[in-house]
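Survey of secondary and tertiary structure
Each chain, letter by letter, is given below.
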Amino acid sequence: MNTTKRILVVDDEPGVTRSLKLNLEAGGGYEVTIENHANQALTTARHIRPDLILLDVMMSETDGGEVAARMEADPLLRGTPIIFLTAIVSNEETGGHEMLKGDHAFIAKPVDLGELKRSIQDHILS
Amino acid sequence: MKTGFQRLSDWPASAIKAGSVALVALVGLVDYLTGVDVSVTLFYLVPISLGTWFAGRSTGLLLAGASALVWLVADVLCRAVVGHPFVPIWNSVTLSLGFSVVAFLLGALKDRNEDLEQTVLERTRKLRDEIAERVRAERELKETNVALTTAREDSQRSFADLQEAHSELQRTQFRLIESAKLESVGRMAAGVAHEVKNPLMTLSLGADYFLNRHTENPAEAVLVQDMKEAIHRASNIINILLDYSRPRPLQLTSQEINRVIEDSLTLVRHQLNKGRVTVVSELRTDLPPLILDRTRIEHGLVNLFLNALNAMPEGGTLTVRTSLTTPAGNGSNSPRCVIVEVEDTGCGIAPENLSKIFEPFFTTKQPGQGTGLGLAIVRKIMDIHGGTISFHNRPEGGVRATLKFNIEPKESL
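Residues numbered from 1 in each chain as written. Chains lettered and ligands numbered in written order. Predicted model: local features only at pLDDT ≥ 70, side-chain atom pairs only at ≥ 80, totals over all residues. Heavy atoms only, no water.

Across its full length, chain B holds 9 helices and 7 strands. Across the 413 residues in chain B, those meeting the buried criterion constitute 32%. Across chain B, contacts joining residues at least 24 apart in sequence account for 74% of those joining residues at least 6 apart. About 25,500 Å² of surface is accessible on chain B, with carbon and sulfur atoms providing 60% of the total. (Helix = DSSP H or I, 4+ residues; strand = E, 2+ residues; numbered from the N terminus. Buried < 20%, exposed > 50% of the residue type's maximum accessible area, 1.4 Å probe, protein only. Contact = heavy atoms within 4.5 Å. Areas by Shrake-Rupley, 256 points an atom, 1.4 Å probe, with all protein chains shown as cover.)

Assigned secondary structure in chain A consists of 5 helices and 6 strands. Ordering the α and β elements of chain A from the N terminus gives β-α-β-α-β-α-β-α-β-β-α. The buried share among the 126 residues of chain A stands at 48%. Nonlocal contacts in chain A, meaning residues at least 24 apart in sequence, comprise 62% of its contacts between residues at least 6 apart. Accessible area of chain A: about 6,000 Å², with a carbon and sulfur share of 49%.

Ile 257, Ile 261, Leu 304, Phe 305, Leu 318, Phe 391 and Phe 405 of chain B are the most contacted members of the largest nonpolar core, which totals 39 residues. Considering every element that reaches this core, the biggest residue donor is helix H8 (residues 294–311) of chain B, with 7 residues. Setting aside residues up to four positions removed in sequence, Ile 257 of chain B forms contacts with Leu 287, Leu 290, Leu 292, Ile 297, Val 338, Val 340 and Phe 405 of chain B. If you look at the next biggest cluster of nonpolar residues, it comprises 20 residues, including Ile 7, Val 16, Leu 85 and Val 111 of chain A. (Core = buried A, V, L, I, M, F, W, Y, C linked by side-chain atoms within 4.5 Å.)

All names here are of chain B. Taken together, the 5 strands give an open sheet; going across it, the order is E2-E4-E5-E7-E6, and neighbouring strands pair in mixed fashion. Looking at which strands have only one partner, the edges of the open sheet turn out to be strand E2 (277–283) and strand E6 (388–393). Within the sheet, the average angular offset between the axes of one strand and its neighbour, ignoring direction, is 15°. In this sheet, strand E7 (residues 399–406) lies alongside E6 in antiparallel orientation, the contact comprising 6 bridges. When the bridges of E7 are listed, Phe 391 appears paired with Ala 401. Most of the contacts of helix H7 (residues 257–274) go to E2, to which it runs at about 175°, and overall it touches E2, strand E4 (316–324), strand E5 (337–343) and E7. Against the sheet, helix H9 (residues 374–384) contacts E6 and E7, and its axis sits at roughly 135° relative to E6. (Pairing = 2+ DSSP bridges. Axes fitted to C-alpha atoms, helices over the stretch in contact; angles between N-to-C directions.)

Quick look at the interface of chain A and chain B now. Across the boundary between the two partners, chain A contributes 22 residues, which contact 21 residues of chain B. Summed over both sides, the interface between chain A and chain B buries roughly 2,100 Å², with carbon and sulfur atoms accounting for 57% of that surface. Run the count over chain A and chain B and you get 0 salt bridges. Along the contact surface separating chain A from chain B lie 5 residue pairs in polar contact (both at pLDDT 80 or more). Of all the elements in the fold, those that place two or more residues in the side of chain A that touches chain B are helix H1 (14–26) and helix H4 (91–94) of chain A. For the side of chain A that touches chain B, the element with the most residues is H1 of chain A, which contributes 7 residues. Split by residue class, the side of chain A that touches chain B holds 12 nonpolar, 5 polar and 5 charged. (Buried area = accessible area lost by both parts, 1.4 Å probe. Salt bridge = Lys/Arg side-chain N within 4 Å of Asp/Glu carboxyl O. Polar contact = N/O pair within 3.5 Å; in protein donor to acceptor, adjacent residues only side chain to side chain. Nonpolar A, V, L, I, M, F, W, Y, C, P; charged D, E, K, R; others polar.)

What follows concerns the pattern of salt bridges. Residues and elements named next belong to chain B. Under the definition given, this model contains 24 salt bridges over all chains. The salt bridge involving Arg 157 is made with Asp 154; its shortest N-O contact spans 2.5 Å. Here Arg 157 pairs with Asp 154, and both are found in helix H5 (residues 86–211), just 3 residues apart, close to one helical turn. Given the relative accessible area of 49%, Arg 157 is considered partly exposed. Measuring nitrogen to oxygen at the nearest pair gives 2.1 Å for the salt bridge that ties Arg 294 to Asp 263. You can see Arg 294 sitting in helix H8 and its partner Asp 263 sitting in helix H7, a full 31 residues away along the chain. Several salt bridges converge on common partners, so that one network encompasses Glu 282, Arg 321, Glu 341, Glu 343, Arg 394, Glu 396 and Arg 400.

On to H9 of chain B. Every buried residue of H9 of chain B is accounted for by Leu 375, Ala 376, Ile 377, Val 378, Arg 379, Ile 381 and Met 382 of chain B. Just past H9 of chain B, the residue Gly 386 of chain B takes up positive phi, approximately 75°.

Dropping the structure here:
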């Protein structure tokens with residue numbers, strides 16, 4: 001049984017996506033695909049069928065909310081857990097942890113790696 | 001009361017004339033009866049004087065002529081023509097002249113007397129008018145004085161109102177400037193947050209990666225840990241900016257303020273112990289519950305405790321006291337308030353800085369040691385709860401922060 005989980009990271013900052021990939025894959029158990037173009041995110045997601053998507057909220061081409069809506073509307077991707085990464089909420093608002101707003105989880109940037117891994121684990125298991 | 005002489009002046013002129021003529025006739029009769037040996041000539045002056053005085057100079061002159069004539073008749077009848085007939089006529093003419101002079105002089109005296117009386121009457125009237133005028137003027141002066149006093153009191157009240165309005169305007173202006181600052185901080189914070197947090201995230205994850213590689217070199221491990229802490233501090237400042245500038249709805253619940261204080265103290269207990277700060281709690285036990293956002297108030301209290309800690313680098317005493325204001329005066333409508341005082345035994349606030357401590361970004365700490373937002377945040381938290389905060393240097397040294405909570409919260413909360 002293949003326990004490696006596929007994660008798609010969508011963020012227009014290559015430094016962020018690269019470092020996330022490096023850290024998540026370093027611990028083993030995750031295969032991370034990077035997408036730096038919000039407009040390509042849907043196509044890439046359809047191609048790799050990820051177990052979870054990490055999605056930046058504020059991106060230059062299309063904002064994260066719009067990308068998430070397109071994925072929700074896609075029969076292949078519907079139900080895939082999405083964790084939003086956002087720079088414009090503070091730790092006080094998220095309580096230093098993941099914050100749920102509607103059906104979505106938010107984690108404040110810069111993320112705490114341990115907290116991010118716990119959150120990914122929770123969402124993939126659920 | 002009038003004398004008999006004065007009463008004569010009230011008689012009509014005709015009565016005086018008739019009486020005088022009758023008197024002349026009476027004197028003439030006496031003159032005739034007494035004969036030439038007894039002289040009554042001077043008695044003719046009585047009717048002449050009365051007539052002149054009370055009926056006028058012309059009457060007097062007529063009476064003088066009549067008296068001379070009566071004297072002539074009496075003299076002639078008494079003597080029965082002795083000697084030359086011209087003598088009695090001459091005497092009568094001379095007497096007539098003498099009587100006329102008396103009548104004339106008396107008339108003049110009378111005229112002068114009347115003029116004097118007229119003048120006295122005129123002056124008395126004028127004086128009376130003047131007195132009446134003065135009384136009226138004095139009354140007007142009094143009325144004007146009363147009006148002036150009222151006007152002065154009004155203007156004093158207006159001045160006090162104006163001063164109050166001016167102070168209110170200054171306070172509003174200060175708040176407006178602060179909100180303008182706040183707004184610009186808010187705009188800046190969102191932009192800065194996005195632009196700074198992404199690079200910080202790259203750095204943070206990079207540091208995490210190296211941290212997890214378990215290097216053999218302990219100096220490298222410390223270096224990476226230092227990087228993580230630096231990133232955390234930078235990120236924290238952005239978070240404070242975001243929290244300060246973005247209004248969030250209050251989560252109001254009924255709270256025991258003493259519990260909130262004790263829990264806030266617990267949050268900083270370790271730091272206070274490390275800084276050799278002794279905590280003294282003087283918490284009144286019968287306080288009513290307050291409607292407040294517990295997280296925000298805890299945040300504000302922690303800021304105050306940390307400020308006190310920073311003010312006592314050599315250690316000291318942090319006193320936290322709660323009390324209840326007593327209603328001012330009899331039946332006063334001023335609401336009762338719960339007072340929370342936080343005192344330190346530190347170096348105090350320089351007088352020139354007392355008015356600036358609530359300004360966003362004002363700090364006396366070294367660069368990198370504080371954002372200058374701590375007290376601005378506490379003030380904002382108190383503002384949105386409808387309470388107040390003030391700072392005073394204590395005479396015995398150190399600072400007292402006084403937080404005042406209305407027991408009945410503002411309706412707008």
